[in-house]
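Residue-level structural notes
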Amino acid sequence: MSKVHLHFQPLILLCLVLSTLFIHYSLADVGTAAQYGSPFLPTACFGRDASQFPSSNMFGAAGEGIWDNGAACGRQYEVRCISAAAPGTCIPGQTIQIKIVDRAQSSVSRPSVTGTSMVLSTTAFQAIASSSSSFLNIEFQQ
C-alpha cells in the first residue's frame, strides 16, 4: 500500500464509527393516528372490563392494518408523533407507551379521522401532540 492510503485509513474508520452514532436506524412502522371522540366506550377487546385498561389512560384502538383478527388486543406499542399538518404540533422527543384495548373500525366512539393506523385516547394523544390537531403522522413499534 502507498503511504497516502495508510494516512486515510484511520480517517475513514473514524467517519464510519461517527456515522453509526448519528444515524438513527429504526425498526418502527410509520402510520397515522387520530384521537377518540367522546364518550369513549371500547368494547372489542375486553368488553367493558375497566380492569383491563391502564390506569394511566394511555391506550388506543388498532386500525385494520394492525388489528390482526383481534390478536392486537392487549399489545403494547411505543408511539411518537413525527409530523402533522400544522407545524409545531408534535411534542419533540416525546415517546409514549399505549395498550391496545379496542378495534378502531368497530369502536362505538368515533375517531376524529377514520382509516388511521391507531386511535389514541385523549390522554395519549395530548402526551405527544397539541390537542388542537385531529390527525398525526406517527412512528410506532410493538
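Within any chain, residue numbers begin from 1 and follow the written order of that chain's sequence. It should be noted that, the model being predicted, local features are given only for residues of pLDDT at least 70 and side-chain atom pairs only at 80 or more, the latter also being counted only at that level, while totals for whole chains, interfaces and linings use all residues. As a rule here, side-chain values cover all heavy atoms of the structure and leave hydrogens and water aside.

Concerning unusual backbone geometry
Glycine aside, residues mostly have negative phi, and peptide bonds are mostly found in the trans state. For clarity, the cut-off: Where helices and strands are cited, they refer to DSSP runs of H or I of at least four residues and of E of at least two residues respectively, numbered from the N terminus. Relative accessibility decides the category of a residue: with a 1.4 Å probe and only protein chains considered, values under 20% of the type maximum give buried, values over 50% give exposed, and everything between is partly exposed.
Although it is not a glycine, N57 adopts a positive phi angle of roughly 65 degrees. Tracing the sequence through the fold places N57 in the loop between β1 (29-35) and β2 (59-62). On the accessibility criterion, N57 (37% relative accessible area) is partly exposed. The phi torsion at N69 lies on the positive side, around 50 degrees, for a residue other than glycine. Inspection of the secondary structure puts N69 in the loop between α2 (64-67) and β3 (76-83).

A closer look at the state of the cysteines
Test applied: Note on terminology: pairs of cysteine sulfur atoms within 2.5 Å are recorded as disulfides.
Evaluation of the coordinates by the stated rule reveals two disulfides. Across the disulfide from C45 sits C73; the S-S distance is 2.0 Å. A torsion of -80 degrees about the S-S bond marks the disulfide between C45 and C73 as left-handed. Within this pair, whereas C45 is found in the loop between β1 and β2, its partner C73 is found in the loop between α2 and β3, the two being separated by 28 residues in sequence. According to the relative accessible area criterion, C73 is partly exposed, its value standing at 24%. Two residues share a disulfide in this structure: C81 and C90, whose sulfurs sit 1.9 Å from each other. Disulfide C81 to C90: torsion about the S-S bond roughly -50 degrees, handedness left-handed.

Brief notes about the nonpolar core
Looking at soluble globular proteins, one finds that nonpolar side chains tend to be buried together. Heads up, the condition is: In these notes, a set of buried Ala, Val, Leu, Ile, Met, Phe, Trp, Tyr and Cys residues joined through side-chain atoms within 4.5 Å is what counts as a nonpolar core. In what follows, residue pairs with any heavy atoms lying within 4.5 Å of each other are defined as contacts.
Y77, V79, I98, M118, L120, I128 and I138 are the most contacted members of the largest nonpolar core, which totals 23 residues. Listing elements by their share of this core, those giving two or more residues are α2, β3, β4 (95-103), β5 (118-120), α3 (122-128) and β6 (135-141). Look past the residues within four positions of I138 in its chain and what remains in contact with it is D29, V30, G31, T32, A33, V79, R80, C81, I82, M118 and I128.

Focus: the environment of Q97
Short version of the rule: Within 3.5 Å is the distance limit for a polar contact, defined as a pair of N or O atoms, with the added protein rule that one can donate a hydrogen and the other accept it, and that residues adjacent in sequence qualify only through two side-chain atoms.
Turning to its location among the elements, Q97 is positioned in strand β4. In the structure, Q97 is positioned 21 residues away from Q76 in sequence and 6.6 Å away in space, judged by C-alpha atoms. Apart from residues no more than four positions distant in its own chain, Q97 is found in contact with M58, Q76, Y77 and E78. A distance of 2.9 Å separates polar atoms of two side chains, one belonging to Q97 and the other to Q76.

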